[in-house]
Structure formats: C-alpha cells, structure tokens
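Structural description and commentary
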Amino acid sequence: MSRLQELTSFNLEELQDFFKSVGEPAYRARQVFEGIYQRGWFDFAAFTNLPLPLREKLAAKFVIDPLQLEQTASSADGTVKYLFRLPEGLFVEPVLIPAGDRKPACLSTQVGCKFRCAFCASGLNGFKRNLTAGEIVSQVLSLKFQFGHNLTNLVFMGMGEPLDNLENVLKAIRIINDERGLNFGARRMTISTAGVIPGIKRLKEFELQVNLSISIHSSTDRLRSRLMPINKKYPLPDLVGAAEDYIRSGGRQLTLEYILIKDLNDSRYEAEGLAAIARRLKAKVNLIAYSPVPQLPYSRPEEAEVVRFQRWLEERRVKVTVRQSKGVDIAAACGQLAGKFQ
Ligand code: SF4
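Residues numbered from 1 in each chain as written. Predicted model: local features only at pLDDT ≥ 70, side-chain atom pairs only at ≥ 80, totals over all residues.

Points about the overall build of the protein chain
- When helices and strands are counted, the protein chain shows 12 helices and 15 strands.
- Seen through its principal axes, the protein chain has C-alpha atoms that stretch 70 × 40 × 35 Å.
- Long-range contacts, defined as pairs at least 24 residues apart, comprise 67% of the intrachain contacts of the protein chain with a sequence gap of at least 6. (Helix = DSSP H or I, 4+ residues; strand = E, 2+ residues; numbered from the N terminus. Contact = placed C-beta atoms within 7 Å.)

Laid out in structure tokens, this is it:
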C-alpha cells in the first residue's frame, strides 16, 4: 500500500491547485486549511462542512497528522519531551521548554543528524532522513491542539540541522506563519545552525524575518573542528564572514549559542575569542551549561564556572544570557530520547 501523503505539507495555494485538479471549487482548500490550522481538526470526519464523498476521497489519499504519540517525558523543571512515531517507525521529538510566562518549543527538522558534533546525542545514531515540511508543521499542531500549549516561540534546532533541510524548513515556516492558518509571527521563530554557510546565505534572501542563532562552542578553529566536524568544511573565519553579511542585510539580529563544557571550552582564552566574535557581529551570547549524555565523555561545569565565563564576556561588553539546560532528568538534550528508540 502506498503511503498516505500528509496534508500539512501543502500550503494554501497548493491545496487550491489540488482541489481544482479534482474538479472541486478552490474555496474547499480554505475550508480544509482553516479546519486544520484554526480548529485543530486532525480527522476528516470532523470536516462536516465538506460533502461526505469528498471527505472519503481525501481520507483515501491523505493523512492530516502523520505523527503518532509514543511517549511523553516530563521534567521536574516543567520541560516536556514528546516522542512521536513516524509512519515507517522512526521517531521525532519536539520539546516544550517553559520559562516564566514563555512557552517555547524546540522542533526537530531531521531524523538523526549528519554533522556528528562530538558532544551531541543526535549524531550518535547517524542520519536517517530529512523531515518533510508537513512533519515539521505537525509537531507545532500536535503541541498546540493535542496538548493545548499556547506556544510563544519556535526554535528549529534539534534533532537535526535545519539548514541541511532548508527548503522543507522554509516551507514549514511559511505555512506556520500564514495568517489564514496558525498566523505565528516570523519574529517569534528562530533557526539555529551549526554553521552551514550556504544555508545562511540562502536565509539572507528569505522573505520572512526569522531569527538566526549560530552554535559556536569554541572561538578557535582547532577546538571547534574537534567539537564540530562541520568546522573543517566551513571554518570560523568564513562562518563569521557569512554571519556578518547576514546581519548587514536588513538589520537582522544574531545570537551565538555557546555550550559550556567543563575543562574544554571554558577558559578565559576562549571567552576572549568569543567576545571578539560577538562584538564584531553585534550578537548576544546564549551560554548553556552542557547537559551530559551518558555515552559521551563530557561534563557539565559547576555553576560558579558558568558565572565566571559569563563575567569574562560581560567585562568585554558582550550581552549574555545564561540559559539553564532544562530537562536534564528526562534526557532532553536533542536526540537523546529518540536515540533510545531509533
Ligand atoms: S549539535 Fe546540532 S548539528 Fe551537531 S550533531 Fe547535534 S543536532 Fe547535529
């Protein structure tokens, strides 16, 4: 049996084309789009505004939500990880990370990851495949309608490297942003990259002003290449140059993510290098204490070490936020839970 196609991969114009192609009026597309994105209807039976034969025709060809909930894991700090099964038995794992009155969600864009950063759980099981635009959109729909979360921000971060699946990620962002559907503001969405330079260049041309954050994790090519093999292909000087071009185009803002790993990238020397890059890019730094992964030999720094690193940056007039790594008790670092199942 051929696999049903997920309807959430269609933007409104594509839906209109589909309905026209099967001899239905284009306004049916609007009814379906609004049913999915404004009312959270995941079952064709709910579309009582459509004639029954049309509902049957749609159900034979499409599925609305391709994600099946497998497991949830809740942390004492409020973080909730959702593990969803894809049709062929692979897994994705969006994470809800509440902070004060904000409810950000971290979305997966690939199953596994090709980039094999030394400290990360997602790379451990290798790369399986890109998620479709619909599978990315469905993560948002499930959190909103199935679990009732009023999401305030979306971060395209992990599992996977969003700029390695750029066309599907951009399509998903357009669908999520569409004012006729979810109407989620582009400024509340952030793409986080390990430093895929062609993707950063492409993002510069993207019509919606989403935020960009770049994972730096070291200010020297030597250590960065050890931690993030992608640095051998796109070394720091080129990456910083591409980021500079990016912020020059239309006054876009940039954040640098820095995972602090004990006795590895937490020296004053690293802080000075990071401060120089941040100042050049007028970027804010997000410091995150490493969340240990059982199979990997890296440790979390003490709180005092995080504060010390933060102070070194602030002394150099860099704006720093310290993000608590959340959900340490539920394996919330990207890819950890799915890795157990994959
Ligand atoms: S940190 Fe990001 S880019 Fe690196 S292996 Fe993990 S998911 Fe991939």
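Still more to cover.
Here's the deal with helix α9 (residues 236–248)
- Taking 1.5 Å per residue as the helical rise, α9 with its 13 residues ought to reach 18 Å, and the 18 Å between its terminal C-alpha atoms agrees with that figure.
- Within the span of α9, buried status applies to Leu239, Val240, Ala242, Ala243 and Tyr246. In an axial view of α9, the angular spread of the buried residues amounts to 160 degrees, which keeps them on one side of the axis. Exposed residues lying more than 90 degrees from the buried face of α9 are Pro237, Gly241 and Arg248.
- On its buried face, α9 sits against α6 (197–204), β12 (211–215), β13 (254–260) and α10 (268–281).
- Within two residues after α9, Gly250 carries a phi angle of roughly 75 degrees, on the positive side. (Expected span 1.5 Å × (residues − 1). Buried ≥ 20, exposed ≤ 12 C-beta atoms within 10 Å, placed from the backbone. Arc of directions from axis to C-beta.)

Things to note about the site of the ligand
- Residues in contact with the ligand amount to 13 residues; listed here are only the nearest, Cys113, Cys117, Cys120, Ser122 and Gly123.
- Classifying every residue of the shell around the ligand gives seven nonpolar, four polar and two charged. (Near = placed C-beta within 6 Å. Nonpolar A, V, L, I, M, F, W, Y, C, P; charged D, E, K, R; others polar.)

Some points on the environment of Ile97
- Mapped onto the secondary structure, Ile97 falls in the loop between β6 (95–96) and β7 (104–107).
- Each C-alpha atom of the pair Ile97 and Val80 lies 6.7 Å from the other, and the pair is 17 residues apart in sequence.

Let's talk about the pairing of β7
- Across two bridges, β6 lies against β7 in antiparallel orientation. Bridging from a neighbouring strand, Val95 pairs with Cys106 of β7.
- For β7 and strand β10 (residues 153–156), the ladder comprises four bridges, and the chain directions are parallel. Paired with Leu107 across the strands is Phe156, a residue of β10. (Pairing = 2+ DSSP bridges.)

What about the packing of α9 against α10?
- For the pair α9 and α10, interaxial distance at closest approach is 9 Å and the crossing angle is 30 degrees. Here α10 runs roughly parallel to α9, going by the angle between their axes. Contact residues: Val240, Ala243, Glu244 and Ile247 in α9; Ile277, Arg280 and Leu281 in α10.
- Taken together, the residues of the contact of α9 with α10 break down into five nonpolar, no polar and two charged. (Axes fitted to C-alpha atoms, helices over the stretch in contact; angles between N-to-C directions. Parallel < 35°, antiparallel > 145°, perpendicular 65-115°, else oblique.)

Overview of the environment of Cys120
- With respect to the secondary-structure elements, Cys120 resides in the loop between β8 (110–112) and β9 (127–130).
- The exposure class assigned to Cys120 is buried, which follows from the 25 C-beta atoms found within 10 Å.
- Sequence-wise, Cys120 and Val285 are 165 residues apart; in three dimensions their C-alpha atoms are separated by 20 Å.

Remarks on the environment of Arg102
- Considering the arrangement of structural elements, one finds Arg102 in the loop between β6 and β7.
- When residues no more than four places from it in sequence are discounted, the contact partners of Arg102 are Thr152 and Asn153.

Digging into the domain arrangement of the protein chain
- Looking at the assigned domains, one finds that the protein chain contains domain 1 (5–63) and domain 2 (68–341).
- Once you take the C-alpha centre of each, domain 1 and domain 2 turn out to be 33 Å apart.
- Listed per partner, the contact involves nine residues of domain 1 and 15 residues of domain 2.
- For the side of domain 1 that touches domain 2, a count of residues per class yields three nonpolar, five polar and one charged. (Domains from an automatic or database assignment.)

What about α6?
- Where α6 is concerned, the buried positions are Ile197, Gly199, Ile200 and Leu203. End-on, the buried residues of α6 take up no more than an arc of 160 degrees, which puts them together on one face.

Looking at the packing of α6 against α9
- Orientation of α6 relative to α9, taken along the N-to-C sense of each, is 5 degrees, at an axis distance of 9 Å. Considered as vectors, α6 and α9 are oriented roughly parallel to each other. For the pair formed by α6 and α9, the contact residues are Ile197, Ile200, Lys201, Leu203 and Lys204 on the first element and Asp238, Leu239, Ala242, Ala243, Asp245 and Tyr246 on the second.

A word on the nonpolar core
- The biggest cluster of nonpolar side chains holds 80 residues, and the ones touching the most others in it are Leu260, Val285 and Leu313.
- Among the elements that make up this core, the one with the highest residue count is helix α5 (residues 166–177) (seven residues).
- Non-local contacts of Val285, meaning those with residues more than four positions away in its chain, are made with Leu256, Tyr258, Leu274, Ala278, Leu313, Val318 and Val320. (Core = buried A, V, L, I, M, F, W, Y, C linked by C-beta atoms within 7 Å.)

Observations concerning unusual backbone geometry
- Despite not being glycine, Arg116 shows a phi value in the positive range, around 50 degrees.
- Looking at the secondary structure, you find Arg116 in the loop between β8 and β9.
- The exposure class of Arg116 is partly exposed, given the 15 C-beta atoms found within 10 Å.
- At Arg317, a position not held by glycine, the phi torsion is positive, near 60 degrees.
- The topology assignment puts Arg317 in the loop between α11 (303–315) and β15 (320–323).

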